[in-house]
Amino acid sequence: MSPALRDFYENPAVPVASGPDRSRRQARMLAHALRTEASATILDIGCGDGTAAATALPLLRGHRVIGVDWSQDALRRAARHLPVVRGELDHGRLPFADASADACVFSEVVEHLVDPDAALDEIRRVLRPGGHLLLSTPNLAAWYNRGLLLAGVQPVFSEVSLRGIHGRPGREVVGHLRLYTARALRGFLTASGFEVVRLAGAPFHGVPRVLRPLDRGACRVPSAASILLVHARRREGAWGGA
């Protein structure tokens, strides 16, 4: 990670949590995936300030959830909600043994990574064969982005600078480096050794209030939703080393 990106993510003013609706939807997907398991080890990779995990924990009773993040500031805040470990996907390995996790939550992280391929390799390494991956990321092809592009406007979620917003709606710089459509995300996960079980949509908390009913309705067609939620499993025969 470049010094500029390190400084950016250690800035306490940079948002490290997404909306509670996405967290609840993702937690329900994970709880359903783990319904036959008595006590699973879940890694929340990129846990941020822990508010998403706090929202999910009531739905994951009996399971062990560990927060993982690179930012020391985020980990200090997350430690109020769950046990935490410092780890980084861009360099070296996560501090967990091969096949030691039953599930990994990877929420609103992949869009921030310089090397998402290496990140998925590392997640696959720490997951047991058949283990679950719950990933969420903004949708490049969200319903409003399709209209914005036709009008020649930079899509929501995309960013051209770490210093300010240029050419698109919104006010917050959050450090997005990559964006996915539903089709691209499926292909990326499949090529990375995962089997996509389910792809769903979630609304975006930043949509103007008057448009929120439309945004919730778009979740019925995940490829047009604001946020993509994916439940995938590590394929049994997929290579597990990094």
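1. Things to note about the pairing of strand E7 (residues 227-234)
Line of reasoning, step 1. Counting buried residues along E7, seven of its eight residues qualify, which places the element largely inside the surrounding structure.
Line of reasoning, step 2. Judged from the seven bridges that link them, strand E5 (residues 127-138) and E7 form a sheet pairing that is antiparallel. For threonine 137, the partnering residue across the bridge sits in E7 and is leucine 228.

2. Observations concerning the side chain of glutamate 108
Line of reasoning, step 1. By secondary structure assignment, the location of glutamate 108 is in the loop between strand E4 (101-107) and helix H5 (116-126).
Line of reasoning, step 2. By relative accessible area, which is 15% here, glutamate 108 ends up buried.
Line of reasoning, step 3. A polar atom in the side chain of glutamate 108 sits 2.7 Å from the side chain of serine 136.

3. Structural notes on the confidence of the model for the chain
Line of reasoning, step 1. Of all residues in the chain, 89% attain a pLDDT of 70 or more, and the chain-wide mean is 90.
Line of reasoning, step 2. Across the chain, the secondary-structure element scoring lowest on mean pLDDT is helix H1 (residues 3-10), at 54, and the one scoring highest is helix H7 (residues 182-191), at 98.

4. A word on the side chain of glutamate 122
Line of reasoning, step 1. One can find glutamate 122 in helix H5.
Line of reasoning, step 2. The exposure class assigned to glutamate 122 is buried, which follows from its relative accessible area of 3%.
Line of reasoning, step 3. A distance of 2.7 Å separates a polar atom in the side chain of glutamate 122 from a polar atom in the side chain of arginine 125.

5. Things to note about the nonpolar core
Line of reasoning, step 1. By size, the foremost hydrophobic cluster in this structure holds 31 residues, and its most contacted members are Ile45, Cys104, Phe106, Leu133 and Leu189.
Line of reasoning, step 2. In this view, isoleucine 45 contacts Val68, Leu89, Leu94, Cys104, Val105, Phe106, Ser107, Val109 and Ile123; residues no more than four positions away in its chain are not counted.
Line of reasoning, step 3. Residues Ala40, Ala53, Ala142 and Leu229 belong to the second largest nonpolar core, which totals 27 residues.

6. Points about H7
Line of reasoning, step 1. Every buried residue of H7 is accounted for by Ala182, Leu185, Phe188 and Leu189. The arc enclosing the buried residues of H7, seen along the axis, measures out at 130°, which places them on a common side. Exposed side of H7, more than 90 degrees from the buried face: Arg183 and Ala191 are the residues found there.
Line of reasoning, step 2. Just downstream of H7 lies glycine 193, where phi reads positive at about 95°.

7. Structural notes on H5
Line of reasoning, step 1. Among the 11 residues of H5, eight are classified as buried, and the element is accordingly described as predominantly covered.
Line of reasoning, step 2. Among all positions of H5, only Pro116, Ala119, Leu120, Glu122, Ile123, Arg124, Arg125 and Val126 are buried.
Line of reasoning, step 3. Looking at the buried side of H5, the elements it contacts are strand E1 (41-45), E4, E5, H7, strand E6 (194-202) and E7.

8. Brief notes about the sheet that holds E1
Line of reasoning, step 1. The mixed open sheet is built from seven strands, whose spatial order is E3-E2-E1-E4-E5-E7-E6. Of all strands in the sheet, those bounded by a partner on one side alone are strand E3 (84-86) and E6. Taking the axes of each pair of neighbouring strands and ignoring which way they run, one obtains an average angle of 20° across the sheet.
Line of reasoning, step 2. Of the strands in this sheet, E5, E6 and E7 touch H7, which is tilted by about 155° from E6.

9. Considering the pairing of E5
Line of reasoning, step 1. The buried count for E5 comes to 11 of 12 residues, which makes it a mostly enclosed element.
Line of reasoning, step 2. As paired strands, E4 and E5 are joined by six bridges and run parallel to one another. Considered in E5, the bridge of serine 107 is made with serine 136.
Line of reasoning, step 3. With respect to chirality, the unit in which E4 leads through H5 into the neighbouring parallel E5 is right-handed.

10. Digging into unusual backbone geometry
As a rule of thumb, non-glycine residues mostly have phi less than zero, and peptide bonds are mostly trans rather than cis.
Line of reasoning, step 1. Positive phi, normally seen in glycine, also occurs at alanine 99, with a value near 55°.
Line of reasoning, step 2. Assignment of secondary structure puts alanine 99 in the loop between E3 and E4.
Line of reasoning, step 3. By relative accessible area, alanine 99 is classed as partly exposed at 37%.
Line of reasoning, step 4. Notably, phenylalanine 157 is not glycine yet its phi reads approximately 85°, a positive angle.
Line of reasoning, step 5. With respect to the helices and strands, the residue phenylalanine 157 is situated in the loop between helix H6 (143-150) and H7.

Criteria and cut-off values
Think of each chain on its own: its residues are numbered from 1, step by step along the sequence as written. Given that this is a predicted model, residues contribute local features only at a pLDDT of at least 70 and side-chain atom pairs are listed and counted only at 80 or more, while totals for whole chains, interfaces and linings are drawn from all residues. Hydrogens and waters are ignored; side-chain quantities use all the structure's heavy atoms. Here's how the labels work: a residue is buried when its accessible area is under 20% of the maximum for its type, exposed when over 50%, partly exposed in between, all with a 1.4 Å probe on protein chains only. Under the DSSP-based scheme used, a helix requires at least four consecutive residues in state H or I and a strand at least two consecutive residues in state E, with every element numbered from the N terminus. We treat two strands as partners when DSSP finds at least two bridges between them. By the criterion applied in these results, polar contacts are pairs of N or O atoms within 3.5 Å in which, for protein atoms, one can donate a hydrogen and the other can accept it, and in which residues neighboring in sequence qualify only through two side-chain atoms. The pLDDT score gives, residue by residue, the confidence of the prediction method on a 0 to 100 scale. By nonpolar core we mean a set of buried residues, namely Ala, Val, Leu, Ile, Met, Phe, Trp, Tyr and Cys, connected to one another through side-chain atoms within 4.5 Å. Whether two residues are in contact is decided by their heavy atoms, any of which lying within 4.5 Å being enough. What the arc covers is the set of directions going from the helix axis to the C-beta atoms. Axis definition: a line fitted to C-alpha atoms, over the contacting stretch in the case of helices. Angles run 0 to 180 degrees between N-to-C directions. With strands facing away from the observer, any crossover in which the path from the first strand over the helix to the second runs clockwise is taken as right-handed.

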